[in-house]
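The lines below spell out each chain.
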Amino acid sequence: MAQEQIQSNVRERTDIREPHKWTVIFWNDDFTTMDFVVKVLTDVFLKSEQEAERLMMKVHEEGQAVVGVYSYDIAVSRKKLADKMARAEGFPLKITVKEA
């Protein structure tokens, strides 16, 4: 009987939930080059060249685009790396992370 109670308690505590998802959004500006945006999307966000170009055009034409949906840690890590690359090249690329 005690064993059944322990198993029941373990089942209740191991209810694993899907982590919250976070979107990474690129914003258009008048200074960051299209080639650089494509480079960040391929190198940091692991997009194919074709997908990166499509997303870059969406940012350019619509003012913004969601470039990925990730767990919080991955979204923030990729944003920080992209920010660092942009600043190193002198670009003001704006990237935001928000809960999906």
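Just so you know, these numbers come straight off a predicted model, no measurement behind them.

The rules we used
- One numbering rule holds for all chains: residues counted from 1, following each sequence as written.
- With pLDDT at 70 or above as the cut-off, local features in this predicted model cover only qualifying residues; side-chain atom pairs require 80 or more to be listed or tallied, and sums for whole chains, interfaces and linings still use all residues.
- The basis for every side-chain value is the complete set of non-hydrogen atoms in the structure, without hydrogens or water.
- Orientation is described by lines fitted to C-alpha atoms, with helices fitted over the stretch in contact, and by angles between N-to-C directions that extend from 0 to 180 degrees.
- Elements are defined by DSSP. Helices are runs of H or I of four residues or more, strands are runs of E of two residues or more, and each kind is numbered from the N terminus.
- Roughly parallel means an angle under 35 degrees; roughly antiparallel, over 145; roughly perpendicular, 65 to 115; everything else is oblique.
- Working rule for handedness: look at the near helix, and if it is turned counterclockwise from the far one by less than a right angle, call the crossing left-handed; if clockwise, right-handed.
- Here, residues are in contact when the closest pair of their heavy atoms is within 4.5 Å.
- DSSP-based pairing: two strands are paired if at least 2 bridges between them are found.

### What about the packing of helix α2 (residues 34–43) against helix α3 (residues 49–62)?
Orientation of α2 relative to α3, taken along the N-to-C sense of each, is 130°, at an axis distance of 9 Å. Compared by their axis directions, α2 and α3 come out oblique. Here α2 runs over α3; the crossing is right-handed. Listed contacts from α3 to Met 34, Val 37, Val 38, Leu 41 and Thr 42 of α2 are Glu 49, Ala 52, Glu 53, Leu 55, Met 56 and His 60.

### Observations concerning the sheet that holds strand β1 (residues 22–27)
An order of β2-β1-β3 is seen for the three strands of this open sheet, with the pairing classed as antiparallel. Here the strands that pair on one side only, and so sit at the sheet edges, are β2 (64–70) and β3 (94–99). With strand direction ignored, the average angle separating the axes of adjacent strands in the sheet is 25°. Taken together, the six bridges between β1 and β2 define a ladder with antiparallel strand orientation. By the bridge assignment, Phe 26 is partnered in β2 with Ala 65. Together, β1, β2 and β3 form the strand contacts of helix α4 (residues 72–89), whose direction differs from that of β3 by roughly 170°.

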